[in-house]
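So the chains spell out like this:
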Amino acid sequence: DKIDRPLVFNCVDFEKKALNCIESEINKIGPEKKKNLTIHYIQVNIKDLVKSKSLINELNGQDLVYASGLFDYLSDKMAERIIKNIINSLKNGALFIIVNAGLNGSEFRSYYEMLGSWKFFHRTKEALLKWGEGFSSLVEVGFEEFDSPMNYLFLKIRKNK
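1. Some remarks on the sheet that holds strand E6 (residues 152-159)
- Reading across from one edge, E3-E4-E6-E5 is the order of the 4 strands in this open sheet, with mixed pairing throughout. At either margin of the open sheet sits one strand with a lone partner, and together these are strand E3 (62-68) and strand E5 (139-145). The sheet shows a mean angle of 15° between the axes of neighbouring strands, direction not considered.
- Of the strand pairs in this sheet, E3 and strand E4 (residues 90-101) are connected by 6 bridges, and their pairing is parallel. From the neighbouring strand, Leu64 faces E4, where its bridge partner is Leu95.
- Across the face of the sheet, helix H4 (residues 76-89) comes into contact with E3, E4, E5 and E6 while running at roughly 150° to E4.
- Where helix H6 (residues 125-133) meets the sheet, it contacts E4, E5 and E6, and its direction lies at approximately 165° from that of E5.

The structure is reproduced here in structure tokens:
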């Protein structure tokens, strides 16, 4: 209801079920409230965020990128490659927010990693801040941490104007 100008939202995920869930929720909103909203649902695999020039070109010119539930599963090397591509796709002054599960307060992680067969990277504030070091000439890097039992860390990267 507060969107008063045309806005394009690119929802990118690797899981079709996640995209279907988002689309289902968006469909519950009345047409008048989303008249200025265009939504693209893009299903890709993780390698496409690194290698696919057509995807990178399609996502070029973003004002905001919010990545939650992605970097928790990536090695630092893969994360840095994806961060580079996303930073290059941002408009000047745009914001990129990375959410990653924190290392502190993660004493039960072995259970869901073992039972769920997940390779999950809990990180520290310092580890996330290190990702921004290689791009210091392009971006301003900040950090936000909320006092919460879930312990998620938020790395904020703003592309320089």
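There is more to say after this.
2. Topic: the nonpolar core
- Of all hydrophobic cores here, the largest spans 28 residues; its most connected members are Phe71, Ile83, Phe96, Ile98, Trp131 and Ile157.
- Listed by contribution, the elements that provide at least two residues to this core are helix H2 (48-51), E3, H4, E4, H6, E5 and E6.
- Among residues more than four places away in sequence, those in contact with Phe71 are Ala79, Ile82, Ile83, Phe96, Ile98, Asn100, Arg123 and Trp131.

3. Concerning the pairing of E6
- As defined by bridge partners, E4 adjoins E6 across 7 bridges and the pair is classed as antiparallel. Paired with Asn100 across the two strands is Leu153, which belongs to E6.

4. Focus: the packing of aromatic side chains
- Applying the stated criterion across every chain, the model contains 2 aromatic pairs.
- Taking the centre distance of 5.6 Å and the plane angle of 45° together, the rings of Phe71 and Trp131 count as tilted. One end of the pair, Phe71, is in the loop between E3 and H4; the other, Trp131, is in helix H6, and 60 residues separate them in sequence. The same class applies to Phe71 and to Trp131, which are both buried.
- A connected cluster of aromatic rings, assembled from ring pairs, spans Phe71, Phe96 and Trp131.

Basis of the calculations
Residues numbered from 1 in each chain as written. Predicted model: local features only at pLDDT ≥ 70, side-chain atom pairs only at ≥ 80, totals over all residues. Heavy atoms only, no water. Pairing = 2+ DSSP bridges. Helix = DSSP H or I, 4+ residues; strand = E, 2+ residues; numbered from the N terminus. Axes fitted to C-alpha atoms, helices over the stretch in contact; angles between N-to-C directions. Contact = heavy atoms within 4.5 Å. Core = buried A, V, L, I, M, F, W, Y, C linked by side-chain atoms within 4.5 Å. Buried < 20%, exposed > 50% of the residue type's maximum accessible area, 1.4 Å probe, protein only. Phe/Tyr/Trp six-rings, centres within 6.5 Å; stacked < 30°, edge-to-face > 60°.

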